[in-house]
Amino acid sequence: MSQITPRLSEYEHRHIAARPNDVEDCGIAVITFSDGTKAVILATDTLLGGSKNYIELYCNDAAINCQITMSDLMSTYFLDEDNLQDVYISEMLPSKLGWNKPFLADEIIRGYVDEMRYFVESVYYNREPKAGFELAYDTTKFIYSAYLSSE
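The following refers to the structure shown. Just so we're clear, the structure is a prediction, and the values are computed from it rather than from any experiment.

### Digging into the pattern of salt bridges
Phase 1 of the analysis: Under the defined criterion, the tally for this structure stands at five salt bridges.
Phase 2 of the analysis: Asp 114 is the salt-bridge partner of Arg 117, the closest N and O atoms lying 2.8 Å from each other. On the criterion of helical spacing, the pair formed by Arg 117 and Asp 114 is a turn pair, its members being three residues apart in helix 2 (residues 112-124).
Phase 3 of the analysis: Given the relative accessible area of 38%, Arg 117 is considered partly exposed.
Phase 4 of the analysis: We classify Asp 114 as partly exposed; its relative accessible area is 28%.
Phase 5 of the analysis: Across the pair Arg 117 and Glu 121 runs a salt bridge whose closest N-O atoms are separated by 3.7 Å. Here the residue Arg 117 and the residue Glu 121 both occupy positions in helix 2, the gap between them amounting to four residues, near one helical turn.
Phase 6 of the analysis: Glu 121 gets classed as partly exposed once you look at its relative accessible area, which sits at 22%.

### Some points on unusual backbone geometry
Phase 1 of the analysis: You will see that Asn 83, though not glycine, has its phi angle at about 65 degrees, which is positive.
Phase 2 of the analysis: On the accessibility criterion, Asn 83 (70% relative accessible area) is exposed.
Phase 3 of the analysis: Even without glycine at this site, Asn 126 takes up a positive phi of about 50 degrees.
Phase 4 of the analysis: Relative to the helices and strands, Asn 126 resides in the loop between helix 2 and helix 3 (133-150).

### Considering the state of the cysteines
Simply put, the disulfide is a covalent bond whose two ends are the sulfur atoms of two cysteines.
Phase 1 of the analysis: Inspection of every chain in the model, using the stated rule, returns zero disulfides.
Phase 2 of the analysis: A disulfide-free cysteine, Cys 26 has its sulfur positioned 18 Å from the sulfur of Cys 66, the nearest such atom.
Phase 3 of the analysis: Judged by relative accessible area, Cys 26 falls into the buried class, the value being 14%.
Phase 4 of the analysis: Since its relative accessible area comes to 37%, Cys 66 is described here as partly exposed.

### Examining a nonpolar patch on the surface
Phase 1 of the analysis: Together, Met 116, Phe 119, Val 120, Val 123, Tyr 124 and Tyr 125 make up an exposed nonpolar region whose accessible area comes to about 720 Å².
Phase 2 of the analysis: Examined against the element boundaries, Tyr 124 turns out to sit in helix 2.
Phase 3 of the analysis: For Tyr 124, a relative accessible area of 65% puts it in the exposed group.

### Considering the environment of Met 74
Phase 1 of the analysis: By the secondary structure assignment, Met 74 is in the loop between strand 4 (63-69) and strand 5 (76-78).
Phase 2 of the analysis: Taking the C-alpha atoms as reference points, Met 74 and His 15, 59 residues apart in sequence, are found 23 Å from one another.
Phase 3 of the analysis: Those residues in contact with Met 74, other than ones at most four positions away along the chain, are Asn 100, Lys 101, Pro 102 and Leu 104.

### A closer look at the environment of Gln 85
Phase 1 of the analysis: Mapped onto the fold, Gln 85 is located in the loop between strand 5 and strand 6 (98-100).
Phase 2 of the analysis: Residue classification places Gln 85 among the exposed positions, given a relative accessible area of 61%.
Phase 3 of the analysis: Separated by eleven residues in the primary sequence, Gln 85 and Lys 96 place their C-alpha atoms 9.5 Å from one another.
Phase 4 of the analysis: Side-chain polar atoms of Gln 85 contact the backbone nitrogen of Asn 83, separated by 3.5 Å.

About the criteria used
Residue positions are given per chain, counted from 1 along the sequence in the order it is written. Owing to the predicted nature of the model, reporting of local features is limited to residues with pLDDT of at least 70; listing and counting of side-chain atom pairs is limited to 80 or more, with chain, interface and lining totals taken over all residues. Based on all heavy atoms of the structure, the side-chain values leave hydrogens and waters out of the count. By convention in these notes, a salt bridge is any Lys or Arg side-chain nitrogen within 4 Å of a carboxyl oxygen on Asp or Glu. The secondary structure listing takes helices from DSSP runs of H or I that are at least 4 residues long and strands from runs of E that are at least 2 residues long, numbered from the N terminus. Burial classification: accessible surface area is computed with a 1.4 Å probe over protein chains only, and a residue below 20% of its type maximum counts as buried, one above 50% as exposed, and the rest as partly exposed. When two cysteine sulfur atoms are found within 2.5 Å, that pair is recorded as a disulfide. Residues qualify for a patch when their relative accessible area is over 30% and they have no salt bridge, like charges being joined within 9 Å and the nonpolar side chains of Val, Leu, Ile, Met, Phe, Trp and Tyr within 5 Å. Note on areas: Shrake-Rupley with a 1.4 Å probe; residue coverage comes only from the protein chains shown. Here, two residues are considered to be in contact whenever any of their heavy atoms come within 4.5 Å of each other. Any N or O atom pair separated by 3.5 Å or less is treated as a polar contact, with the protein-specific requirement of one donor-capable and one acceptor-capable atom, and with residues adjacent in sequence counted only for side-chain atom pairs.

Right under this line is the structure:
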């Protein structure tokens, strides 16, 4: 976990939209599970072209790759930005020129809609949420361990 962008000069920062104030702008974690399988998780918005978030799992009998952003649902190519002033392509993208991978249904793909629906249904139907305290606790322990490892 780190802040990379504050170390950049204004010239070096000219094409990178990320300007975090009090949070990291890059995080990478490698997890080793109890069966020896590994997971690599990367999240950053310090790269040219926007942001990148992915999870890769390499198991003894499977490989799973999840491109959260940039997804591969659509590609665009623009020679200029005429009439694109109000068109949203993706988060942290400083220019729409050239090849890009727009965020389509971003709130759905990143899980925000289902997350809110599960929460509201849990309250409305007075039932335990699908992702309850145990998952939240384990997730917090994992994130905290990544921060400690980073230090």
